[in-house]
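The chain contents come next:
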Amino acid sequence: MADRQHSAAPTLADRDSGDHTLRVWNGDVPGAPTPDITIIIVSYNTKDLTLKCIETLLDCGGDVLAEVIVYDNASKDGSPDAIARAFPQVQLIASSENAGFAMANNIVAAEANAPYLLLLNPDTETYEDAIVNLLTFAKANPEGGIYGGRTYFPNGDLNPFSCCNEITMRSMTCRVLGLDKMFPGSEFCNSEQIGGWERDTVRHVDIVIGCFFLISKSLWDKLDGFDTKYFMYGEEADLCHRARKMGYRPMITPDARIMHLVGASTGVRADKIQLVACARVTLIREYWPAWKVPIGVFLVRAWVASRFAISWVMVKIGRAGSTQLLDTWRMVWRERKMWLRGY
């Protein structure tokens, strides 16, 4: 990989002393102008992260009038009350049940008042001018249809999970063989994560990840939003695929920057892996040619089996911390009938 010095994340301390407060739209004010953008945050038991997300969003500045809406998916950690107290200017929808990520965004987007929608994860922090830069980029590049930016880990290193390319037979084979991990900087071996690209240039991509996902309201409506069978994971890949079929080419700009926690943890959770596997199987069945589908599903199965086998070997040779990893992959393997069905 290239030298990471240039990818160090900006910090709140880097800001000058000027006014960097995002203008928040209030539709209750008679004659209020139409907002430039509707920002949707879907939260679920992430109270502290969500509060920090909103704080940095409102402090990111830029000449943008934003409608900010938080949809809370029946959190049990006091999130709705805490958000309402800390940020009364933000619209809050406190759901009595967990609708999932896709459905929650669809519900809010249906009532959005702005010509652009920005989906923003609650485990993010927004850096200076990220919103105005992303919106300006979208307006200058209408052929993109869907837009994302550059994401960082909390330590300032580049987080590559702002975008990716579609699942292919080659990418799945490399994943099964572990070549994507052995050669993460190779675009051939790590094609889904576009290995070797530091997200430091404007580029067309197959998929913009939903953590920082800008789309025009008109295109969202044409696509009928997310397919809600994707309860979690895969929904943005499906939406981007449908947009590309209409002739759009999703894009990334390095000038819109956020911090995103996903991928920063070294832990591996069985429930997350199962949902990811379920989404991958569904996408393969939806979009691969019929003759390739059995091969693709086999490769998803082989990926889980190979990780189960590797973690078993690690336990046998006494690798520290491998017992928990083995338990995780054993659980995923035991549930294979569920995720092999797909959504």
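**Some words on the overall build of the chain**
Argument step 1. The helix and strand inventory of the chain stands at 12 helices and 13 strands.
Argument step 2. Taking 2.2 N^0.38 as the reference for a compact globule, 343 residues should give roughly 20 Å; the C-alpha atoms of the chain span a radius of gyration of 20 Å, in line with that estimate.
Argument step 3. Counting the 343 residues in the chain, one finds 51% classified as buried.
Argument step 4. In the chain, the share of contacts with a sequence separation of at least 24, taken over all contacts with a separation of at least 6, comes to 79%.
Argument step 5. Carbon and sulfur atoms make up 54% of the accessible area of the chain, which amounts to about 15700 Å² in all.
Argument step 6. Mean positive and mean negative side-chain charge positions of the chain (36 and 40 charges, respectively) differ by 11 Å.

**With respect to the packing of aromatic side chains**
Argument step 1. For the structure on display, the rule yields 7 aromatic pairs.
Argument step 2. Geometrically, the ring pair formed by Phe101 and Phe226 is tilted, given 5.9 Å between the ring centres and 35° between the ring planes. A residue pair is termed long-range when its members are at least 10 positions apart, and Phe101 in helix α3 (residues 100–110) and Phe226 in the loop between α7 (217–223) and α8 (235–245) qualify at 125 residues. Each member of the pair, Phe101 as well as Phe226, is classed as buried.
Argument step 3. Centroid distance Phe213 to Phe226: 6.3 Å. Interplanar angle 55°. Geometry classified as tilted. Note that Phe213 is positioned in strand β12 (residues 212–216) and Phe226 in the loop between α7 and α8, a separation of 13 residues in sequence.

**Side note on α3**
Argument step 1. Burial within α3 is extensive, with 8 of its 11 residues counted as buried.
Argument step 2. Among all positions of α3, only Gly100, Phe101, Ala102, Ala104, Asn105, Asn106, Val108 and Ala109 are buried.
Argument step 3. Looking at the packing, one finds that the buried side of α3 touches β2 (37–43), β3 (65–72), β4 (91–94), β5 (116–120), α7 and α8.

**Let's talk about the side chain of Asn141**
Argument step 1. Looking at where Asn141 falls in the secondary structure, it is placed in the loop between α4 (130–140) and β7 (146–152).
Argument step 2. Assessed through its relative accessible area of 16%, Asn141 is described here as buried.
Argument step 3. Not counting residues within four places of it along the chain, the set of residues in contact with Asn141 comprises Tyr147 and Met251.

**Things to note about the pairing of β2**
Argument step 1. Most of β2 sits out of view: 7 of its 7 residues are buried.
Argument step 2. Of the two faces of β2, the one carrying Ile37, Ile39, Ile41 and Ser43 and the one carrying Thr38, Ile40 and Val42 are both buried.
Argument step 3. Sheet topology note: the β2/β3 ladder contains 7 bridges and is parallel. Bridging across to β3, Ile39 finds its partner in Val68.
Argument step 4. Crossover connection from β2 via helix α1 (residues 47–58) to parallel β3: handedness right-handed.
Argument step 5. Inspection of the sheet shows β2 paired to β5 by 3 bridges, in the parallel sense.

**Describing the confidence of the model for the chain**
Argument step 1. When pLDDT is averaged along the chain, the result is 91, and 92% of the positions lie at 70 or above.
Argument step 2. This model gives residues 10–18 a pLDDT under 50, and the stretch forms 14 contacts once residues within four places in sequence are excluded.
Argument step 3. In this model residues 263–267 is a low-confidence stretch, pLDDT under 50, and it forms 3 contacts with partners more than four residues away in sequence or in other chains.

**Regarding the pattern of salt bridges**
Argument step 1. Throughout the structure, instances matching the rule amount to 12 salt bridges.
Argument step 2. For the salt bridge of Arg244 with Glu166, the shortest nitrogen-to-oxygen distance reads 2.9 Å. Here Arg244, found in helix α8, pairs with Glu166, found in the loop between β9 (163–164) and α5 (169–177); they are 78 residues apart in sequence, far enough to count as distant.
Argument step 3. Between Arg269 and Asp271 there is a salt bridge; the shortest N-O distance is 3.1 Å.
Argument step 4. A single salt-bridge network, built from bridges that share partners, covers Arg175, Glu192 and Arg280.

**A few points about unusual backbone geometry**
What is expected of a backbone is that most residues other than glycine have negative phi and most peptide bonds are trans.
Argument step 1. One non-glycine residue, Ile194, adopts positive backbone phi at about 50°.
Argument step 2. Here Ile194 lies in the loop between α6 (179–182) and β10 (203–204).
Argument step 3. Residue Ile194 is classed as buried on the basis of its relative accessible area, which comes to 1%.
Argument step 4. Positive phi, close to 60°, is recorded for Asp224, a residue that is not glycine.
Argument step 5. By relative accessible area, which is 65% here, Asp224 ends up exposed.

Cut-offs and rules
- Residues numbered from 1 in each chain as written.
- Predicted model: local features only at pLDDT ≥ 70, side-chain atom pairs only at ≥ 80, totals over all residues.
- Heavy atoms only, no water.
- Helix = DSSP H or I, 4+ residues; strand = E, 2+ residues; numbered from the N terminus.
- Rg over C-alpha atoms; globule rule 2.2 N^0.38 Å.
- Buried < 20%, exposed > 50% of the residue type's maximum accessible area, 1.4 Å probe, protein only.
- Contact = heavy atoms within 4.5 Å.
- Areas by Shrake-Rupley, 256 points an atom, 1.4 Å probe, with all protein chains shown as cover.
- Lys, Arg positive; Asp, Glu negative; His and termini not counted.
- Charge placed at Lys NZ, Arg CZ, Asp CG, Glu CD.
- Phe/Tyr/Trp six-rings, centres within 6.5 Å; stacked < 30°, edge-to-face > 60°.
- Pairing = 2+ DSSP bridges.
- Right-handed = clockwise from strand over helix to strand, strands pointing away.
- pLDDT = per-residue confidence, 0-100.
- Salt bridge = Lys/Arg side-chain N within 4 Å of Asp/Glu carboxyl O.

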